[in-house]
Amino acid sequence: MTVMFYIALALLSLAIVCFLYRVVKGPTVADRVIALDAIGICLAGIVAVLSIVLETSVFLEIILLIGILAFLGTAAFAKFLQKGVVIERDGNH
Amino acid sequence: MNELILRTVTAVVTFIIILFGIQLFFAGHYYPGGGFIAGLVTAGAIILLLLAFDIKTVRSMIPISYRTLIGIGLLFALGTGLGGLVFDVPFLTHAHGHVMLPLLGDVSLHTAVLFDLGVYFVVVGVTMTIIETIGEEE
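Residues numbered from 1 in each chain as written. Chains lettered and ligands numbered in written order. Predicted model: local features only at pLDDT ≥ 70, side-chain atom pairs only at ≥ 80, totals over all residues. Heavy atoms only, no water.

1. Observations concerning the interface of chain A and chain B
Facing the 19 residues of chain A at the interface are 24 residues of chain B. Both faces considered, chain A and chain B share a buried interface measuring about 2,000 Å² in area, 67% of it formed by carbon and sulfur atoms. Of all residues in chain A, the largest losses of buried area upon contact with chain B belong to E61, I87 and R89 of chain A, amounting jointly to 33% of the total for that side. The partner of K83 of chain A in a salt bridge is E3 of chain B, with the nearest N and O atoms 2.7 Å apart. (Contact = heavy atoms within 4.5 Å. Buried area = accessible area lost by both parts, 1.4 Å probe. Salt bridge = Lys/Arg side-chain N within 4 Å of Asp/Glu carboxyl O.)

Below, the structure written as structure tokens:
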């Protein structure tokens, strides 16, 4: 049974390597942003499988934390791509 | 520009992130957590507000000067350290004990929570000062 978890960990790591290729090579900025978001999701999956392997529940908060940080990063990048500015000084212009 | 989806999501998600920060703050004594990362998570919630709205709106939502927050946090930390001197024990000595509270039952209370509250205020203040200084257009 544990072998399956190790296979899952290896596959998730392989997926992260593939996403890293897209981050480095990616023709446009949007490709890189989506690849970074997917890396965050894969990290959450790795933490989940790792907490099953180690039979502990203290890692589960990290999944929520990674989810929040990945969401913030993606939202910031999306706003930068659309508007060219991340934090606006005044919303009336 | 239409930002309806981002603003609607922000109105809900900000409170979830702040609640998660408070949970991390109180978990810090026995489990992973504490004042430092609770402050960072709370700063993340305020950054999400800054993304969805703008600096002027967020300042009217949260009418606190972040530089004052740094000073309040440092005063909390200093006051916790000096509190030990009042009871004739070394600087930064902490006290703890079990208290029976109504509804909650046996609760373990520790003065290190006050020190952690100071750390929390300082981290929120410093992070938001840095982010606002970087984010402002020249």
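2. Re the pairing of strand β2 (residues 105-110) of chain B
Residue and element names in this part refer to chain B. As defined by bridge partners, strand β1 (residues 96-101) adjoins β2 across six bridges and the pair is classed as antiparallel. What sits directly across from V99, in β2, is V107. Between the antiparallel neighbours β1 and β2 lie three residues, among them L103 with a positive phi of about 75°. (Pairing = 2+ DSSP bridges. Helix = DSSP H or I, 4+ residues; strand = E, 2+ residues; numbered from the N terminus.)

3. Remarks on the packing of helix α1 (residues 2-25) of chain A against helix α2 (residues 29-53) of chain A
Residues and elements named next belong to chain A. As a packed pair, α1 and α2 sit with axes 9 Å apart at the nearest point and diverge in direction by 165°. Relative to α2, the element α1 lies roughly antiparallel. Considering how the two elements wind past one another, α1 and α2 form a crossing that is left-handed. Split by residue class, the contact of α1 with α2 holds 21 nonpolar, two polar and four charged. (Axes fitted to C-alpha atoms, helices over the stretch in contact; angles between N-to-C directions. Parallel < 35°, antiparallel > 145°, perpendicular 65-115°, else oblique. Left-handed = near helix turned anticlockwise from the far one by under 90°. Nonpolar A, V, L, I, M, F, W, Y, C, P; charged D, E, K, R; others polar.)

4. Focus on the confidence of the model for chain B
All names here are of chain B. Mean pLDDT for chain B: 87, with 98% of residues reaching 70 or above. Mean pLDDT in chain B bottoms out at β2, which sits at 79, and peaks at helix α2 (residues 35-52), which reaches 92. ipTM for the predicted complex: 0.80, alongside a pTM of 0.85. (pLDDT = per-residue confidence, 0-100.)

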